[in-house]
Structure formats: C-alpha cells, structure tokens
Amino acid sequence: MKMTDKQETISFEDAMKQLEEIVEKLETGEVPLEKAIQYYQEGMKLSKLCSEKLGNVETQMQQIMNEHGELEPFSVQEED
C-alpha cells in the first residue's frame, strides 16, 4: 500500500477506518514479515495524517471560539 495524493486528501473518518483495518491485519499475527512492515509504514502515515487533521480542527475551533469572545483554549479530548 503506497500513499497517493488521493489518500492524502481522504477524510479523517476514512483514514481512521483504513488504520483500523491495518491494525486488525497486524494483530492476527498471520501476515508475512515483509507485508507487516508495509502495513506498519502505511499505518504510521495514516496515524500522522489523522493527527494533523485533528490539529487543524483544534486550531479552527480556537479561532471560532475567539471570534465569539471565548478566551478558554479548546482542546480535543482523546478517547482512552
């Protein structure tokens, strides 16, 4: 799996779905080593993409809050 321009513009939800599918494949332990490395690399790219998208949303929300007179910083709470 190689990240294409199309994958770089996918939605957060689609990126998370792909990431979950990769994790499921790796958790089976039945993936050949070479393929596991490819999945891991793709998973890391998707993870970074999701993190960047969340950061962008957080920045946008801070700007919206500031425009409406709210001074409290906005922070996205991650699920455990």
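Residues numbered from 1 in each chain as written. Predicted model: local features only at pLDDT ≥ 70, side-chain atom pairs only at ≥ 80, totals over all residues. Heavy atoms only, no water.

An unreviewed UniProt entry lists the protein under the name Exodeoxyribonuclease 7 small subunit, with Halobacillus litoralis given as the organism. What UniProt states about the protein under its Function (unreviewed entry) heading is, verbatim, "Bidirectionally degrades single-stranded DNA into large acid-insoluble oligonucleotides, which are then degraded further into small acid-soluble oligonucleotides." (UniProt positions renumbered as here; feature names shortened; annotations may be inferred.)

Asks: Mind showing me how you'd approach the overall build of the protein here?
Replies: A count of helical and extended segments in the protein gives three helices and zero strands. Looking at the protein residue by residue over its 80 residues, the buried ones come to 16%. Residue pairs in contact within the protein that sit at least 24 positions apart in sequence constitute 58% of those at least 6 positions apart. Entry remark: accessible area of the protein is about 6,600 Å², with carbon and sulfur atoms responsible for 51%. (Helix = DSSP H or I, 4+ residues; strand = E, 2+ residues; numbered from the N terminus. Buried < 20%, exposed > 50% of the residue type's maximum accessible area, 1.4 Å probe, protein only. Contact = heavy atoms within 4.5 Å. Areas by Shrake-Rupley, 256 points an atom, 1.4 Å probe, with all protein chains shown as cover.)

Asks: I would appreciate a short explanation of the nonpolar core in the present structure.
Replies: Burial of nonpolar side chains together is a common tendency in soluble globular proteins. Residues Ile10, Ala15, Leu19, Ile22, Tyr39, Leu46, Leu49 and Cys50 constitute the largest nonpolar core, which totals eight residues. Listing elements by their share of this core, those giving two or more residues are helix H2 (12-28) and helix H3 (33-67). In contact with isoleucine 10, not counting residues within four places along its chain, are Ala15, Gln18, Leu46, Leu49 and Lys53. (Core = buried A, V, L, I, M, F, W, Y, C linked by side-chain atoms within 4.5 Å.)

Asks: In this structure, what is going on with H3? I would like to understand it.
Replies: Residues three or four positions apart in an α-helix share a direction because the helix packs 3.6 residues into each turn. Taking 1.5 Å per residue, 35 residues should reach 51 Å; H3 reaches 51 Å between its end C-alpha atoms and fits that length. Considered for burial, the residues of H3 that qualify are Ala36, Tyr39, Glu42, Gly43, Leu46, Leu49 and Cys50. (Expected span 1.5 Å × (residues − 1).)

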